[in-house]
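# Overview (structure and organization)
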Amino acid sequence: QVQLVESGGGLVQPGGSLRLSCTASGIIFSSAPAAWYRQVSGKERELVATITSDATTNYADSVKGRFTISRDNAKNTVYLQANSLKPEDTAVYYCRVVNWYGIPYWGKGTLVTVSS
């Protein structure tokens with residue numbers, strides 16, 4: 001059974017930083033593409049950043065230059081370093097990994113609130 005557990009969310013002031021983590025189990029993580037999404041209540045879930053199995057990354061324009069996605073295959077973990085946070089970054093952040101057969105799995109999310 002595949003499980004994804006996110007952590008690292010919380011309340012941060014504008015301009016601050018957070019590092020989100022997502023640890024996977026039950027999947028061959030090293031070969032699994034991963035991504036971070038976020039969702040604001042009442043809106044569609046949006047893609048924030050992706051990372052392939054060989055660590056190629058891509059970012060939404062809204063976070064480019066401020067967020068960094070990375071992975072540690074030895075720890076089965078994908079990270080999202082979020083810097084220069086803005087109030088509009090407030091959302092529940094979800095990680096997603098895709099197994100060898102193309103089946104996506106989601107974590108339960110971690111809330112990030114950017115407010116003074």
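Let me sum up the structure you'll find in this document. (Residues numbered from 1 in each chain as written. Predicted model: local features only at pLDDT ≥ 70, side-chain atom pairs only at ≥ 80, totals over all residues. Heavy atoms only, no water.)

Unfilled space is identified by rolling a water-sized probe across the atoms. Per the stated rule, a full pass over the model turns up one cavity of 30 Å³ or more. In this structure, the largest cavity spans a volume of roughly 30 Å³. Broken down by secondary-structure element, the contributors of at least two residues to the lining of the largest cavity are strand S3 (18–25) and strand S8 (77–82). Grouping the amino acids of the lining of the largest cavity by side-chain chemistry returns eight nonpolar, no polar and no charged. (1 Å grid on protein atoms, 1.4 Å probe; cavity = no way out; pocket = protein on both sides within 12 Å on 5 of 7 lines; lining within 4 Å. Points joined across faces, edges and corners; volume = space filled by probe spheres on them. Helix = DSSP H or I, 4+ residues; strand = E, 2+ residues; numbered from the N terminus. Nonpolar A, V, L, I, M, F, W, Y, C, P; charged D, E, K, R; others polar.)

In this structure, Asp89 sits in the loop between S8 and strand S9 (91–98). A polar contact of 2.9 Å, which involves the side chain of Asp89, links it to the side chain of Arg38. If we skip the residues at most four places from it in the chain, Asp89 touches Arg38, Arg66, Phe67, Ser84, Val112 and Val114. (Polar contact = N/O pair within 3.5 Å; in protein donor to acceptor, adjacent residues only side chain to side chain. Contact = heavy atoms within 4.5 Å.)

As a further point, take the packing of aromatic side chains. The geometry of two aromatic rings is summed up by the distance between their centres and the angle between their planes. Summed over the entire model, instances satisfying the criterion amount to one aromatic pair. Cation over ring: Arg45 sits above Tyr94, and NZ or CZ is 3.7 Å from the ring centre. Directly above the aromatic system of Phe29 lies the positively charged group of Arg71, at a separation of 4.5 Å from the ring centroid. (Phe/Tyr/Trp six-rings, centres within 6.5 Å; stacked < 30°, edge-to-face > 60°. Lys NZ or Arg CZ within 6 Å of the ring centre and 35° of its normal.)

Another aspect to go through is the pattern of salt bridges. Tallied over the full model, the rule gives four salt bridges. When the shortest N-O distance is used, the salt bridge between Arg38 and Glu46 registers 2.6 Å. Judged by relative accessible area, which is 6%, Arg38 ranks as buried. We note a salt bridge from Asp61 to Lys64, for which the minimum N-O separation is 3.1 Å. For Lys64, a relative accessible area of 48% translates into the label partly exposed. (Salt bridge = Lys/Arg side-chain N within 4 Å of Asp/Glu carboxyl O. Buried < 20%, exposed > 50% of the residue type's maximum accessible area, 1.4 Å probe, protein only.)

To continue, consider the pairing of S8. Each regular strand carries side chains that alternate between the two faces of the sheet. Taken across its six residues, S8 has five buried, putting it largely inside the fold. Across six bridges, S3 lies against S8 in antiparallel orientation. When the sheet's bridge partners are listed, Leu18 is paired in S8 with Ala82. Sheet topology note: the strand S7 (residues 67–72)/S8 ladder contains six bridges and is antiparallel. Opposite Ile69, over in S8, you have Leu80 as the bridge partner. Between S7 and S8, which follow one another and run antiparallel, lie four residues, and Asn76 among them has a positive phi close to 55°. (Pairing = 2+ DSSP bridges.)

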